[in-house]
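# Overview (structure and organization)
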Amino acid sequence: MKIFIDTANLAEIREAHSWGVIDGVTTNPSLIAKEGRDFIATIHEIAELVDGPVSAEVVAQDAPTMIKEGLLLAKVHRNVVVKIPLTYEGLKACSALSKEGIRTNVTLCFQAAQALMAAKAGATYISPFIGRLDDLGVDGLQLIQSIVKIYANDPALKTNVLAASIRDPLHVVQVAEAGAHVATIPFKVLKQMVLHPMTDRGNEQFLKDWKTVPDQDIIGQTTRWLASRA
Ligand code: E4P
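Definitions and cut-offs
Residues numbered from 1 in each chain as written. Predicted model: local features only at pLDDT ≥ 70, side-chain atom pairs only at ≥ 80, totals over all residues. Heavy atoms only, no water. Near = heavy atom within 4 Å. Polar contact = N/O pair within 3.5 Å; in protein donor to acceptor, adjacent residues only side chain to side chain. Areas by Shrake-Rupley, 256 points an atom, 1.4 Å probe, with all protein chains shown as cover. Nonpolar A, V, L, I, M, F, W, Y, C, P; charged D, E, K, R; others polar. Patch = residues over 30% accessible without salt bridge, like charges linked within 9 Å, V, L, I, M, F, W, Y side chains within 5 Å. Salt bridge = Lys/Arg side-chain N within 4 Å of Asp/Glu carboxyl O. Helix = DSSP H or I, 4+ residues; strand = E, 2+ residues; numbered from the N terminus. Buried < 20%, exposed > 50% of the residue type's maximum accessible area, 1.4 Å probe, protein only. Expected span 1.5 Å × (residues − 1). Phe/Tyr/Trp six-rings, centres within 6.5 Å; stacked < 30°, edge-to-face > 60°. Core = buried A, V, L, I, M, F, W, Y, C linked by side-chain atoms within 4.5 Å. Contact = heavy atoms within 4.5 Å. Domains from an automatic or database assignment.

A word on the site of the ligand. Inspection of the region around the ligand gives Asp 6, Thr 26, Asn 28, Lys 83, Phe 129, Arg 132, Ala 164, Ser 165 and Arg 167 as its neighbouring residues. Between the ligand and Asp 6, the relevant distance is 2.7 Å, taken from an oxygen atom to a side-chain nitrogen or oxygen of the residue. About the coverage of the ligand: the protein hides 85% of its 340 Å² of free accessible area. Of the residues assigned to the shell around the ligand, the class counts are two nonpolar, three polar and four charged.

Right under this line is the structure:
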């Protein structure tokens, strides 16, 4: 499963990217608004930083303007994927942009039938929002499982399942087990995915014990040892 980061914050993207785990980035109008910066400059900067798909969302609600916005967004950087809401007009725009060879991410998916429609319209990615479903008392994971199954049943459907609205590390594990192609994850959750108290405790103990070793300088000791054998 690929890991995308779900943010428009450059510092967060830079930090997570430095860990070597980021395959792409998703943004949405709310995430862009949070940063208070120019939309296009932000998308371009992200796309230069991460060499993978970077979702930039259209805001028009009618297909012709969505298509116009999408065609322009795709010109900003080769990594841009045009994000489109799952509406009648969005499907029209998805279909038209796909036919132009532009990659699309159809977003705000809350039921499996919507995912089938997006795939038929040629979506590159479908974004089911599992956390927002969980908030309603509906099992978000079940939606991922259902879409993965529907797509697997028809090899003609090439759409990737991009699990979105991820709230915690367990969500990530569950969608990976369910066969999602991508999970887009907020920075806070990515950080949680690295931490475990037993890791910290084990590391502290190793360092404490190491203090009793006579020569603790690994670099110096190794350099001398290698030189003595040259
Ligand atoms: C998807 O691409 C969205 O940006 C995002 O995952 C929505 O998550 P939220 O429910 O935490 O806002």
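Before going further, it helps to spend a moment on a nonpolar patch on the surface. A cluster of nonpolar side chains, contributed by Trp 19, Val 21, Met 193, Val 194 and Leu 195, occupies part of the molecular surface with about 450 Å² of accessible area. Mapped onto the elements, Met 193 comes out in the loop between α10 (187-192) and α11 (197-210). For Met 193, a relative accessible area of 34% corresponds to the partly exposed category.

Between the first and last C-alpha of helix α8 (residues 140-153) there are 21 Å, a value that for 14 residues agrees with the 20 Å anticipated at 1.5 Å per step. Regarding α8, its N-cap is Asp 139, as a side-chain oxygen of that residue lies 3.2 Å from the backbone nitrogen of Leu 141 further along.

Here we come to the packing of aromatic side chains. Applying the stated criterion across every chain, the model contains three aromatic pairs. With 6.0 Å between their ring centres and 70° between their planes, Phe 4 and Tyr 125 make a pair best called edge-to-face. Of this pair, Phe 4 sits in strand β1 (residues 2-6) while Tyr 125 sits in strand β6 (residues 125-128), placing them 121 residues apart in sequence. A single burial state applies to Phe 4 and to Tyr 125, both of which are buried. Ring centres of Phe 110 and Phe 129 lie 5.5 Å apart, and the angle between their planes is 55°; on these two criteria the pair is classed as tilted. With Phe 110 in the loop between β5 (104-109) and α6 (112-120) and Phe 129 in the loop between β6 and α7 (130-135), the pair connects residues that are 19 residues apart, well separated along the chain.

Structurally, Gly 137 is set in the loop between α7 and α8. C-alpha separation for the pair Gly 137 and Gly 36, spaced 101 residues apart in sequence, amounts to 33 Å.

Turning our eyes to something else, we now look at the nonpolar core. Grouped together as the largest cluster of nonpolar side chains are 59 residues, with contacts concentrated most on Ile 126, Ile 144, Ile 147, Ile 166 and Val 175. Those residues in contact with Val 175, other than ones at most four positions away along the chain, are Met 1, Ile 130, Leu 141, Ile 144, Ala 163, Ile 166, Ala 180 and Ala 183. Val 81, Tyr 125, Leu 162 and Val 182 belong to the second largest nonpolar core, which has five residues in total.

Turning our attention to the pattern of salt bridges. Applying the stated criterion across every chain yields a total of seven salt bridges. Where Glu 45 meets Arg 14, a salt bridge forms, and the shortest distance between an N and an O atom there is 3.9 Å. Note that Glu 45 is positioned in helix α3 (residues 39-49) and Arg 14 in helix α1 (residues 10-18), a separation of 31 residues in sequence. By relative accessible area, which is 45% here, Arg 14 ends up partly exposed. Across the pair Glu 45 and Arg 37 runs a salt bridge whose closest N-O atoms are separated by 2.9 Å. Look at Glu 45 and you get partly exposed, because its relative accessible area is 33%. Among the charged side chains, a salt-bridge network with shared partners connects Arg 14, Arg 37 and Glu 45.

Looking at the protein, the domain boundaries give domain 1 (2-194) and domain 2 (201-228). Relative to domain 2, the C-alpha centre of domain 1 lies at a distance of 45 Å.

In this structure, Leu 108 takes a positive phi of about 65° despite not being glycine. The topology assignment puts Leu 108 in strand β5. A relative accessible area of 34% means that Leu 108 is categorised as partly exposed. The backbone of Ser 165 shows a phi angle near 55°, a positive value even though the residue is not glycine. Considering the arrangement of structural elements, one finds Ser 165 in the loop between β7 (160-163) and α9 (169-178).

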